[in-house]
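# Fold and geometry: a report
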Amino acid sequence: MFIRRAAAVAGVAALLLLPATAAAAAPSDQDTAFLRAAHQSNLAEIATGKLAQQKAASEQVKDLGARWVADHTKLDATLTDTAEALGVDLPDAPNAEQRALARRYQAASGSDFDALWIPTQMDAHMKAMRLGEQEIAQGSDAQAKKVAQSSAPVVAAHHGLLEDAASDLGVLCRSGPGPGRPFAGYG
């Protein structure tokens, strides 16, 4: 009788502790905001990569578009798995600013597309780098921070490829001092 009663008390105690444990495991507002914004960034990069493949004049930009689709699809698969494990609902579309930029891409073609795509993608990748850096510095969930850490080299490599494309194609960008880059920094 004593063993049954002790088991029942232990079972009830475990049930009472379960919600507290689940609440303690919930991601922070920072982690949730990062996962949602990074997911929207990935969705935007996949879509703009497809547009670059269709609308660019330069084979270099078309190739970058294909790389965006492949890389951001992989990054987003990991991110969505993490968000699901953490119980974070993700948006189903890019944010309003990203959608507005996509409309600008839709309206451009050829060399005009290239001249628009390269600097705006540099801006987008700088934002993504800052987003990841903020998560690494301020995030509290190890899984979310790991997403930021594993994405960082890919996003940085994309930015470098965009700098190369800007130089190769003579596109002026705001990526800091240097040849072909007369504007300092990002706003």
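Okay, the overall build of the protein next. Within the protein one finds six helices and zero strands. Seen in sequence order, the protein has helices and strands lined up from the N terminus as α-α-α-α-α-α. In the protein, which comprises 187 residues, the proportion classed as buried is 39%. Taking contacts inside the protein between residues at least 6 apart in sequence as the whole, the part at least 24 apart equals 73%. Counting every atom, the protein has about 10300 Å² of accessible surface; 59% of that belongs to carbon and sulfur.

A few words now on the packing of aromatic side chains. Any aromatic ring pair is given by two values, namely how distant the centres are and how the planes are angled relative to each other. This structure, assessed with the given rule, holds three aromatic pairs. Here the aromatic rings of Trp68 and Trp117 are separated by 5.5 Å at their centres, their planes lie at 40°, and the arrangement is tilted. Of this pair, Trp68 sits in helix α3 (residues 59-86) while Trp117 sits in helix α5 (residues 110-138), and the two are 49 residues apart along the sequence. Of the two residues examined, Trp68 and Trp117, each falls in the buried class. With 5.6 Å between their ring centres and 55° between their planes, Tyr105 and Phe113 make a pair best called tilted.

Running from N to C, α3 and α5 cross one another at 35°; their axes reach a closest spacing of 11 Å. In the packing of α3 onto α5, the handedness of the crossing is left-handed. Across the interface between the two elements, Val61, Leu64, Gly65, Trp68 and His72 from α3 touch Phe113, Asp114, Trp117, Ile118, Gln121 and His125 from α5. Residues of the contact of α3 with α5, tallied by class, amount to six nonpolar, four polar and one charged.

The next subject is the pattern of salt bridges. Counted according to the given criterion, the structure contains three salt bridges. Here Asp71 and Arg67 are joined by a salt bridge, their closest N and O atoms 3.1 Å apart. Here Asp71 and its partner Arg67 are both found in helix α3, four residues apart, which amounts to about one turn of the helix. Since its relative accessible area comes to 17%, Asp71 is described here as buried.

Structurally, Ala102 is set in helix α4 (residues 96-107). A C-alpha to C-alpha distance of 6.7 Å links Ala102 and Thr48, two positions 54 residues apart in sequence.

What follows covers the nonpolar core. Across soluble globular proteins, nonpolar side chains show a tendency to be buried alongside one another. Ranked by size, the top nonpolar core spans 19 residues in total, and within it Val61, Tyr105, Phe113, Trp117 and Ile118 carry the most contacts. Where this core is concerned, the elements lending two or more residues are α2 (29-55), α3, α4, α5 and α6 (142-169). For this core, the element with the most residues is α5, which contributes five residues. With residues near it in sequence (within four places) discarded, Trp117 still touches Thr48, Ala52, Val61, Leu64, Gly65, Trp68, Tyr105 and Leu162. Of all hydrophobic cores here, the second largest spans ten residues; its members include Ala38, Leu86, Val88 and Ala148.

This part is about the confidence of the model for the protein. In regions of low pLDDT, the predicted coordinates are not meant to be interpreted in detail. Confidence in the prediction for the protein averages 85 pLDDT; 79% of positions are at 70 or higher. With pLDDT under 50 throughout, residues 6-24 is counted as low confidence; its partners more than four residues away or in other chains account for zero contacts.

The contact between α2 and α4 brings their axes to 11 Å, and the two run at 0°. One element, α2, and the other, α4, form an angle in the roughly parallel class. Every residue of α4 that contacts α2 at Gln40, Ser41, Ala44, Thr48, Leu51 and Lys55 is listed here: Gln98, Ala102, Tyr105 and Gln106. Residue composition of the contact of α2 with α4, grouped by class: four nonpolar, five polar and one charged.

What counts, and at which threshold
- Residues numbered from 1 in each chain as written.
- Predicted model: local features only at pLDDT ≥ 70, side-chain atom pairs only at ≥ 80, totals over all residues.
- Heavy atoms only, no water.
- Helix = DSSP H or I, 4+ residues; strand = E, 2+ residues; numbered from the N terminus.
- Buried < 20%, exposed > 50% of the residue type's maximum accessible area, 1.4 Å probe, protein only.
- Contact = heavy atoms within 4.5 Å.
- Areas by Shrake-Rupley, 256 points an atom, 1.4 Å probe, with all protein chains shown as cover.
- Phe/Tyr/Trp six-rings, centres within 6.5 Å; stacked < 30°, edge-to-face > 60°.
- Axes fitted to C-alpha atoms, helices over the stretch in contact; angles between N-to-C directions.
- Left-handed = near helix turned anticlockwise from the far one by under 90°.
- Nonpolar A, V, L, I, M, F, W, Y, C, P; charged D, E, K, R; others polar.
- Salt bridge = Lys/Arg side-chain N within 4 Å of Asp/Glu carboxyl O.
- Core = buried A, V, L, I, M, F, W, Y, C linked by side-chain atoms within 4.5 Å.
- pLDDT = per-residue confidence, 0-100.
- Parallel < 35°, antiparallel > 145°, perpendicular 65-115°, else oblique.

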